[in-house]
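# Coordinates in review
Now for the letters of each chain:
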Amino acid sequence: MAYYFSRKIDAGFDEAVERVTKALKEQGFGILTEIDVGATLKKKLDVDFRPFRILGACNPPFAYKALQAEDKIGTMLPCNVIVQKSDDGGVEIAAIDPAASMAAVDNPALEEIATTIGAKLLAVIEQVGSP
C-alpha cells in the first residue's frame, strides 16, 4: 500500500509552493508549519540540498473529529505535503495518504475521516498537476 500521493509538474519551485498552498486552502486546509529543508540542512550540517519544503497542512474540522475519536492521533497531525525539486528539473508534489497512516491505528471511527481527508489531499495533487 502506497503511503502517499504524488505528481511531478512542470513549474518553478516557488510557483509550485504557491500553487500547492492555494489548492490546500481551497480544500479547507491551512498551513500550520513550513519547513525549508534545504536551509535547515545548510544551517545544521553545512550541506547543500535540493529545494525541498514540508508544509504541515491542517483541516481544522476534520482534525477536531479525529482528536475526538482518538486522543493520541495528534502524533500523526498535521498532514504533511512536500514540494521538492526533481533531478530532471521539474518539481514533485507529494502528500501523505491518511488512510495508509491511520491503518496503523485500530479505531474504525478514523476510517471515514482518513478517507475524506485523503480525497481532499488527492484533489490538491491533481489540481496542482493540471495545466
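Criteria and cut-off values
Residues numbered from 1 in each chain as written. Predicted model: local features only at pLDDT ≥ 70, side-chain atom pairs only at ≥ 80, totals over all residues. Heavy atoms only, no water. Salt bridge = Lys/Arg side-chain N within 4 Å of Asp/Glu carboxyl O. Helix = DSSP H or I, 4+ residues; strand = E, 2+ residues; numbered from the N terminus. Buried < 20%, exposed > 50% of the residue type's maximum accessible area, 1.4 Å probe, protein only. Pairing = 2+ DSSP bridges. Axes fitted to C-alpha atoms, helices over the stretch in contact; angles between N-to-C directions. Contact = heavy atoms within 4.5 Å. Parallel < 35°, antiparallel > 145°, perpendicular 65-115°, else oblique. Left-handed = near helix turned anticlockwise from the far one by under 90°. Nonpolar A, V, L, I, M, F, W, Y, C, P; charged D, E, K, R; others polar.

Our next topic: the pattern of salt bridges. Applying the stated criterion to the full structure yields 7 salt bridges. Here glutamate 26 and lysine 22 are joined by a salt bridge, their closest N and O atoms 4.0 Å apart. Pair noted here: glutamate 26 and lysine 22 are both in helix α1 (residues 13-26), with a separation of 4 residues, about one helical turn. Notably, a salt bridge pairs aspartate 46 with lysine 42, separated by 3.3 Å at the nearest N-O pair. With a relative accessible area of 56%, aspartate 46 lands in the exposed category. Each of Glu34, Asp36 and Arg53 takes part in salt bridges that share partners, so that together they form one network.

The next point concerns the sheet that holds strand β3 (residues 52-58). The 5 strands lie next to each other as β1-β5-β4-β3-β2, forming an open sheet whose pairing is antiparallel. Both outer strands of the open sheet, β1 (4-9) and β2 (30-36), are each paired with one neighbouring strand and no more. Here the strands of the sheet are splayed against their neighbours by 20 degrees on average, with no regard to which way each runs. Bridge analysis of β3 against strand β4 (residues 79-85) gives 6 bridges, and the strand direction is antiparallel. By the bridge assignment, alanine 57 is partnered in β4 with cysteine 79. Against the sheet, helix α5 (residues 109-129) touches β1, β4 and β5 (91-96), its axis set at about 10 degrees to β1.

What follows concerns the packing of α1 against α5. At a minimum axis distance of 9 Å, the contact between α1 and α5 shows a crossing angle of 140 degrees. Here α1 is positioned oblique relative to α5, judged by the angle of their axes. Crossing of α1 against α5: the hand is right-handed. Contacts between α1 and α5 involve Arg19, Val20, Ala23, Leu24 and Glu26 on the former and, on the latter, Leu121, Val124, Gln127 and Val128. In terms of residue class, the contact of α1 with α5 is made up of 6 nonpolar, 1 polar and 2 charged.

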